[in-house]
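Report on the structure
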Amino acid sequence: MLRIWGRLSSINVRKVVWTAQELGLEVQRTDAGGHFGIVREDEYLAMNPNGLVPVVEDEGYVLWESNVIVRYLAARHGPALPEPLYPEDLRSRFNAERWMDWQQTTLNPAGRDAFLQLVRTPPEQRQAEAIERSVAATEPLLALLDAQLALTPYLAGAQFTMADIPVACEIHRWFSLPRERASLPHLERWFHGLQARAGARGVLDLLLS
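First things first, this report covers the structure right here in the doc. What you see is a predicted model, and the numbers here were worked out from it, not measured in a lab.

1. Section: the overall build of the protein
Secondary structure assignment for the protein yields 7 helices and 4 strands. Ordering the α and β elements of the protein from the N terminus gives β-α-β-α-β-β-α-α-α-α-α. If you line up the protein on its principal axes, its C-alpha atoms span 45 × 40 × 25 Å. Split into buried and exposed, the 209 residues of the protein put 48% on the buried side. A separation of at least 24 residues holds for 68% of the contacts in the protein among residues at least 6 apart in sequence. Taken together, the 21 basic and 26 acidic charged side chains of the protein have centroids lying 2 Å from each other.

2. Focus on the nonpolar core
Trp18, Leu145, Ile171, Leu187 and Trp190 are the most contacted members of the largest nonpolar core, which has 61 residues in total. The residues contacting isoleucine 171, other than those within four sequence positions of it, are Leu107, Leu142, Leu145, Leu187, Trp190 and Phe191.

3. Points about the pairing of strand β2 (residues 27-30)
Note: strand β1 (residues 2-5) against β2, 4 bridges, orientation parallel. When the sheet's bridge partners are listed, tryptophan 5 is paired in β2 with threonine 30. Following the chain from β1 across helix α1 (residues 11-22) to the adjacent parallel β2, one finds a crossover that is right-handed.

4. A look at the sheet that holds strand β4 (residues 61-64)
Note on sheets: strands pair through backbone hydrogen bonds, and any given pair is parallel or antiparallel. In spatial order, the strands read β2-β1-β3-β4; together these 4 strands make up an open sheet with mixed pairing. Of all the strands in the sheet, the pair left with one neighbour each is β2 and β4. The sheet shows a mean angle of 20 degrees between the axes of neighbouring strands, taken without regard to direction. As paired elements, strand β3 (residues 55-58) and β4 share 4 bridges and run antiparallel to each other.

5. Overview of the environment of methionine 47
Turning to its location among the elements, methionine 47 is positioned in helix α2 (residues 42-47). Residue classification places methionine 47 among the buried residues on the basis of a relative accessible area of 17%. For the pair formed by methionine 47 and serine 92, sequence separation is 45 residues and the distance between their alpha carbons is 32 Å. What methionine 47 contacts, discounting residues up to four positions off in sequence, is Trp5, Val55, Val62 and Trp64.

6. Looking at the packing of helix α5 (residues 128-149) against helix α7 (residues 185-195)
Across the interface, α5 lies against α7 with an axial gap of 7 Å and an inter-helix angle of 75 degrees. Classed by the angle they form, the pair α5 and α7 counts as roughly perpendicular. Contacts between α5 and α7 involve Leu142, Leu145, Asp146 and Leu149 from the first element and Pro185, His186, Leu187, Arg189 and Trp190 from the second.

7. Describing the environment of leucine 207
Of note, leucine 207 is situated in the segment after α7. Of the residues examined, leucine 207 reaches a relative accessible area of 78% and is grouped as exposed. Residues leucine 207 and leucine 85, 122 residues apart in the sequence, show an inter-C-alpha distance of 26 Å.

Thresholds applied
- All residue numbers here refer to positions counted from 1 along the written sequence of the relevant chain.
- Where totals are concerned, whole chains, interfaces and linings use all residues; where local detail is concerned, this predicted model gives features only for residues with pLDDT of at least 70, and gives and counts side-chain atom pairs only at 80 or more.
- Calculation of side-chain values draws on the structure's entire complement of heavy atoms; hydrogens and water are dropped beforehand.
- A run of H or I in DSSP counts as a helix once it spans at least four residues, and a run of E counts as a strand once it spans at least two, with each numbered from the N terminus.
- Between buried and exposed lies partly exposed: a residue is buried under 20% and exposed over 50% of the maximum accessible area for its type, with that area taken using a 1.4 Å probe on protein chains only.
- The contact criterion used is simple: two residues touch if any of their non-hydrogen atoms lie within 4.5 Å.
- Only four residue types enter the tally: Lys and Arg on the positive side, Asp and Glu on the negative side, with His and both chain ends excluded.
- By convention, charge coordinates are those of NZ in Lys, CZ in Arg, CG in Asp, or CD in Glu.
- What is meant by a nonpolar core is a set of buried Ala, Val, Leu, Ile, Met, Phe, Trp, Tyr and Cys residues, joined one to another through side-chain atoms within 4.5 Å.
- Pairing between strands is defined by DSSP: at least two bridges between the two strands are required.
- We call a crossover right-handed when, viewed with the strands running away from us, the connection from the first strand over the helix to the second turns clockwise.
- The angle between two axes is taken between their N-to-C directions and runs from 0 to 180 degrees, where each axis is a line fitted to C-alpha atoms and a helix contributes only its stretch in contact.
- An angle below 35 degrees is read as roughly parallel, one above 145 as roughly antiparallel, one from 65 to 115 as roughly perpendicular, and any other as oblique.

Take a look at the structure:
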C-alpha cells in the first residue's frame, strides 16, 4: 500500500497519483494542503518540514518533492513493466531526467502566474500584466515542445517514460485555461494520446481548481 498525502487540485500531487496508477499500485490518498489543512500539523511536518504536498510513504520509507517521487516510484516499481517508466539505458534515463527538471525549473515558473490569475484569482482582482508576461514566457516553451514532439512520439524518445508525466500535467493545466491559444499539432497529438491512457484517468481529465 502506497500512502499519498495531497489534494488533487495540486499539479504536484497529480504527477504522483498518475505515476502510481501507471504502475498499478494500491494507493491510499489523504487530502492535504489548501483548505484541507494537515500540512502544518506536527505529524505532517515530521514527514516534510517544508509543509508542502505531496508526501508519500512506501513500506515505511517517506519521501517528498514530486518529481523525485515520480523517479523513485518508477525505479522501484516499474522495471518489470512491458513499458518501463524508468529507462534502463543511462543516456535514455538522463534524457528523461532532463525533461523532468525542465518542467520544474523552466515551464512551471513561466506558466504559474497565468494559472493563478485565471483560475485562482477572482476576475475583479486579476492583473492583466501578470497574465500577459506569463503567456509571453510560456508560448515559446510550448513551441519548443511541439518541435521536439515532431521528432519523437514521446519526450524522451519512442516510449512513454517518467519524463512525460510532469510535463503532461503542466500542459493539462495550460490547455485548460480559459483563453484562446495557437494550434500546436504535435503537442496536441501527444497530450491527447496521454489523456487516453488508463493511468491518466482522474488526473488529465480533472477540471482546474
